[in-house]
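Residue-level structure breakdown
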Amino acid sequence: MSILMHVKLYLARCTVTLFPLSLIWNLMAAIIILGQAKPNVKPSLQSSSGLRSDCVGNQMRLVLDKALAVGNQLEVEASNGTQYVALTPSLAAQCGYSMESDPWGNARIYISLLGCYVDNKEDRTFNVGLRLQMYSHSPSDVVTHEVKETCSYSSWASQEILCDRNYMEVSNYMATHDAQIEEKGQGLDVKDDSKINAVHGASGASKGIWKITFHTPEPVMMVLKEAEQVGYSAMATQNRLVMRSPYNTAETYSEDVAGVPMEIVKVSTYYTAPHGLSVVNLAAACPTGGVLFAENVISWHVPRRITPLVDTSIEILEMHMGINGVKLDKAEMAARGYKLSATVFHIIIEIPVGSPDGYYKSHAPDYQYHLSYTVEPMLELLWREDDTLSDTRYKVLFPITTPLMAQPPQVTDGTIPEDGVFTVHLGTFLHDVELRNVTFSTGVLSVEECNAKGFTVQEHSLPNKNKTFSLQVPFAAAAVLKHNPEPLVTVYFLPLIFGFIILPEETPFGHPVELVTSLQDVVLPTIIGTCDQNMFYIEVKYGSQGNNFQAIIGARELTPEIAEDYKIQNNDASFNLIVPYFSPDTIFELIDSVSVKARLDLHLLDPHNNWTLSDFYLTCNFPLKTTECYPNGTVTAVAVKVESVPNLTPGWLTLKDKSCQPVSSDERFAYFTYTVNSCGTTRKFFDNYMLYENEIALSHNRPSKGYTSPIDPEYRQKVSCFYLVSETETLSFHNKPRSTEPRAETGSGRLMVQMRLSQDSLYEVFYQAEDYPVLQYLREPLYFEVELMQSTDPQLELILENCWATHHEDRTSLPSWDIIVDSCENLDDSYATVFHPLVSDIVAIPSHIKRFSVKMFTFTKDEEVLKDQIYVHCDAVICDTNGNMDGVCRRQCVQPAGVGNELQGTKGVKREQSADSTPTKISSGPILLFNPQSSL
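Reading the values: rules and limits
Residues numbered from 1 in each chain as written. Predicted model: local features only at pLDDT ≥ 70, side-chain atom pairs only at ≥ 80, totals over all residues. Heavy atoms only, no water. Salt bridge = Lys/Arg side-chain N within 4 Å of Asp/Glu carboxyl O. Helix = DSSP H or I, 4+ residues; strand = E, 2+ residues; numbered from the N terminus. Buried < 20%, exposed > 50% of the residue type's maximum accessible area, 1.4 Å probe, protein only. Pairing = 2+ DSSP bridges. pLDDT = per-residue confidence, 0-100. Contact = heavy atoms within 4.5 Å. Core = buried A, V, L, I, M, F, W, Y, C linked by side-chain atoms within 4.5 Å. Patch = residues over 30% accessible without salt bridge, like charges linked within 9 Å, V, L, I, M, F, W, Y side chains within 5 Å. Areas by Shrake-Rupley, 256 points an atom, 1.4 Å probe, with all protein chains shown as cover. Lys, Arg positive; Asp, Glu negative; His and termini not counted. Charge placed at Lys NZ, Arg CZ, Asp CG, Glu CD. Axes fitted to C-alpha atoms, helices over the stretch in contact; angles between N-to-C directions. Phe/Tyr/Trp six-rings, centres within 6.5 Å; stacked < 30°, edge-to-face > 60°. Lys NZ or Arg CZ within 6 Å of the ring centre and 35° of its normal.

1. Examining the pattern of salt bridges
Going through the model one piece at a time under the given rule, you end up with 29 salt bridges. Note that Glu589 is salt-bridged to Arg599, the shortest N-O span being 2.6 Å. Placement of the pair is Glu589 in strand β49 (residues 586–591) and Arg599 in strand β50 (residues 595–605), with a sequence separation of 10 residues. Look at Glu589 and you get partly exposed, because its relative accessible area is 24%. Salt bridges sharing partners connect three or more residues here, namely Glu100, Arg108, Asp164, Arg165 and Glu376.

Next up, the structure:
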C-alpha cells in the first residue's frame, strides 16, 4: 500500500506535491551504505523556524509547517555520516523513511530508528540526520536546513513489527549461542550445512547476512545483494536482526485475517554469528483495510490475534492508541471522543469524523460540492504468546480518508423586500474553497467586477476556520428579472450560479441559486384633463413602470399615428394629448339647442395581462348650435348620434315628412336644411310669437342592420323656431324729384376674390391662416366659401367655373380630381358636391358669395394612400348681370347631365374659359386627413 501521495516523475527526480510544499525524493542513483554513520548529534530545530522534531517510540518524527514551505519545493536527503544521500520514493520505503502530508503543505516525515542511515549506538541511542533544501524559484535560489535529532529507545521487545505507510518492518532480538542451543529446533531446519556454506561463500554477504528465503508462501531464495536490488532491506545491529519490505512487492502476499485484509511478508534470514551459522524466521503482517463508516464515526478494526504471526493463543499486555505516531493517554482520548476497545476477534479504534487531529478536504465530483475527512490513527500492541516467554510489539500507522460526503451549500435568503436589495448567504465551505465568479442572466462577472458594478460580494470567516459568502444585488439591476402577477405587485427574480474553485488543485464547481421576492411597489399611472371651447387637454403621468402600458382612447388603441394627429408631446415623466371634441374617439352624451355634452374615455392597460391600470373619463359641455332659424324661414338643424342610441345611423334620420332627409351625414352627424312651410313643420301662436316645430327621428321604413332588436331606444330630436308675429319698421323718404337719372361712372379697378374654409355648416367660424394645415376625418364635410371682396355692386355676380383637388400645392400637378365642372357638380363622384344657396337675409349681396361642400377624401393608387393631404383650387369668373351673358355667365351647367369624367386619378380635360372674362385663380391651404389608413 503506497502512502506517498501526488507523485510527479521527471527525468532526474520524483516529486511528491504538497500544495504548495513539494517534497522531492531525488532519483539520483544511491548506494545503500549499511555501516553505522557517526554524525555529529546536535539538535538544531526550533518550532519558530517551521520545523519541529521529536522522538515517538521506535521512530523519529519531523513536522514541517506549511508556513515554511509556501511557494517552495523541497528535497530531502539523509545523512550517512560523511555525505547526504537523496531519498527517492523507493529508497525511502527500503530504508525506513515515510512521509504524510496534507494538501496545504503541512507534512510529517517519519524515520525508523532502525533505518539505513541512522547512527545506532548499541540499540539504545540513535542519531538521525536530514538535510532539507527549499527551492523558491530556481535551483540557484535555495534555502538549506540541516536537521539533527538524537533519540533514546531501550524498550525493545523480543520482536518488533512496524507497519508504516510505505513499508513493513520486523526486527528480532538475536539470541546468544547458549540460548540458540536451548531453543534449537524452534527455527527452520538447517541440516544441509554443506549447501548453506557453499551459497554463503559465493554470496558476498555483508554484516553477516548472506541469504534470504521469502515464503510467498512458496519459497523464493535470494542472496542479500539480490534482495536489496529489488527493494528489500536486511541488516543486523548489535542485538537485532532487521528486515524491511515495501508493500505490494512480488514476494509479499495478501490474506484476510478475521475479515481484515492484511499484507504479509515472511522470510528466513541466514546470517553468520560469532558462534556459527544461524537462521531466524521473520514475519510482518500489516492491515490494508478493516475500516467502517457509520453515523459520522470511523471504526478501524485490527485482528486481535494475527494468525500469520502467531500459532498459539496470546495475552495482550499493552494496548495503546495514538494519532500521528504519538500515543495518547486515556484523558486525551476521552477529551477527543476516541475509543479503544477489544472484542474476541478484533481491536477496535473509534474516531468521530471531524475530530481536531484530522482535516477536511473539499472535492467536486460531477461539479457537486463534497467533503472528505482524513485522520492518521496509530495502534500499538504488546502481546505474549502463551507457550513462550518472548513478547511482540506491534505498531501500525494507518492514514484513513472517509468516502466523499455530499455537502450541498446552504442558501440563506436574507432579502428584505422593502430595502430593494437581494441579499443571499451561501455556505459553509472549507478554507480551501474560493469564489471566483458569479453568473447572472446578463453574463458572467468576476468577484472584482461584481463589486465594481455595485453587486457587493463578501467572504465571511467562521470561528472554525470555515467560510461563507454573501452577495447583494439591487432590485433595479439589469440582471434582476421582473414581472407583475397583479397590478400593484412586482415579483423580482434573480437567477445566479456561483462559480467556485478548490485549492490547491483549482478544481471548479458551481452552485445555482434562485432568489424570488415580491413587493407591492407599483405606482400606477395617473391621468388628468381639462377642456376649453373646442378641445380636451389630457396629461398622462407615468407611474413606476414608465410608459409600459397600452393606451385605449375611446374604442381605439392609441397608435403613434393617432397620437401624432392629437399633437402628442412626450417626456420622461408624462405625455400630453389635445383631442378635438368632435373627434371620432369622443362620445356624445347629451345635446340641446346650444351645446353638446361630450365625453373622452382613456384607459391604460397592462400589455401582458390586460389589467386596467387607470380609467379616465372626462365630460365637458361644448358650444354647438344645433338649430339655426333664419329670417327668411329657412331652418338648419344638426342631429348628433348620442351614446344612449349606440346603433343609430344618422343618414337614415328624417324629419316628420319622411321624404325630408339630411342634406349630408356621416357616422356621427346628420345635417338638415328646410323651410318652415315644408317637411311636416307645425306652427303654433303664443301672444306675439309663432312657434315652428319639427322632429328629427328614425325612419322605420329604412331599418338598418343595427335595429334588429325591438328594445333599442328611439331617437327623437325636437327642432323649434320662434318668430315675432308683427314688427314695426320705420322708413324715411323724400319726394323731391331728381333732376337726372342716376348712372354709373365708367372707371377701372381691381376686384378681390377669396376662398375660405368654414369650421361648421353655418359658415359662422372660418379657419385662419395660422390654423393650416386643417385636420379632417375621412368623408367629413368640407365647407368652402368663395367671396367677391371689396365690392358693393349688386349687378356683379361671382360664378365658380371649375374647382378641383390635388395633393400638391401646385394647382397644375397630377393626380387631380374634379369637384365642380363648368359650374356644376362632378356627376362621376359618388359623393357629389353640395351647393348651399344664400339669401339676402343671411348676407348683404348673395350674388357675391358661393358656398359648397365636399366630403373629405384622399388619393390612392393600387389601394395605397399616396398622401394624407389635399389642396382645393378654383377658377372664378365675375359676371355683369346687365350685359349679354353667355357661357359660364348664363349660370347653367355647360356639361350635359350624365356626362362626366372617369376616375383615372388625374384631372379631366381642361374646359374652355368663358369669353366674358378671364377666370380668377384661387386655392385653399393644405387639408390633412385624420385617418391615414382610410382610402378614397
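Still to come is the rest of the account.
2. Some words on the sheet that holds strand β44 (residues 535–541)
One open sheet holds the 4 strands; their spatial order is β43-β44-β48-β47, and the pairing between them is antiparallel. Two strands in the sheet have a free side with no partner beyond their single neighbour: β43 (526–531) and β47 (569–570). Inspection of the sheet shows β47 paired to strand β48 (residues 574–580) by 2 bridges, in the antiparallel sense. The residue bridging Asn570 from the neighbouring strand is Phe575, located in β48.

3. Thoughts on the confidence of the model for the chain
When pLDDT is averaged across the chain, the result is 83; 82% of the residues are at 70 or more. With pLDDT under 50 throughout, residues 1–48 is counted as low confidence; its partners more than four residues away or in other chains account for 153 contacts. Per-residue pLDDT stays below 50 along residues 704–709; that stretch engages in 12 contacts with residues further than four places along the chain or on separate chains.

4. Considerations on unusual backbone geometry
For the peptide bond that leads from Gly427 to Thr428, omega is 0°, which places it in the cis range. Of note, Thr428 is situated in strand β35 (residues 421–429). Going from Leu503 to Pro504, the amide bond is cis rather than trans, its omega being 0°. Here Glu122, not a glycine, exhibits a phi torsion of approximately 55°, which is positive. Within the secondary structure, Glu122 sits in the loop between β10 (119–121) and β11 (125–135). Unusually for a residue other than glycine, Asp822 sits at a positive phi of about 55°. Locating Asp822 in the fold gives a position in the loop between β64 (816–821) and β65 (824–825). The class for Asp822 is buried, based on a relative accessible area of 9%.

5. Some words on the environment of Ala157
Assignment of secondary structure puts Ala157 in the loop between β12 (142–152) and β13 (159–163). Those residues in contact with Ala157 that lie beyond four places of it in its chain are Arg240, Leu382, Asp391, Thr392 and Arg393.

6. Describing the nonpolar core
Within the largest apolar cluster, 58 residues are counted, with the highest numbers of intra-cluster contacts made by Phe536, Ile538, Leu558, Leu653 and Ile696. Those residues in contact with Ile696 that sit more than four places away from it in its chain are Ala637, Ala639, Leu653, Thr654, Leu655, Phe672, Tyr715, Arg716, Gln717 and Val719. Of all hydrophobic cores here, the second largest spans 57 residues; its members include Tyr271, Leu309, Met321 and Ile323.

7. Comments concerning a negative patch on the surface
On the surface, Asp311, Glu315, Asp386 and Asp387 cluster together to form a negatively charged patch. The residue Asp311 is located in the loop between β23 (297–303) and β24 (314–323) in this model.

8. Here's the deal with the sheet that holds β35
In spatial order, the strands read β34-β35-β39-β38; together these 4 strands make up an open sheet with antiparallel pairing. Looking at which strands have only one partner, the edges of the open sheet turn out to be β34 (410–413) and β38 (456–461). Mean inter-strand twist for the sheet, computed between neighbouring axes without regard to direction, equals 20°. As judged from the 4 bridges shared by β34 and β35, these two strands associate in the antiparallel manner. Bridge pairing in β35 places Asp413 opposite Val424.

9. Quick word on the packing of aromatic side chains
The full count for this structure, using the stated rule, is 34 aromatic pairs. Note on Trp383 and Tyr394: the rings are 5.6 Å apart at their centroids and 40° apart in plane angle, and the pair reads as tilted. Note that Trp383 is positioned in strand β30 (residues 377–385) and Tyr394 in strand β31 (residues 391–397), a separation of 11 residues in sequence. We note that Trp383, like Tyr394, is buried. Judged by centre distance (6.0 Å) and plane angle (55°), the rings of Tyr542 and Phe549 are tilted. Since its relative accessible area comes to 15%, Tyr542 is described here as buried. For Phe549, a relative accessible area of 14% gives the class buried. Among the aromatic residues, those joined into a ring-pair cluster are Tyr369, Phe429, Phe469, Phe498, Phe500 and Phe509. Sitting over the face of the ring of Tyr270, Lys211 holds its NZ or CZ atom 4.2 Å from the ring centroid. The ring of Tyr167 is capped by Arg244, whose NZ or CZ atom sits 6.0 Å from the centre of that ring.

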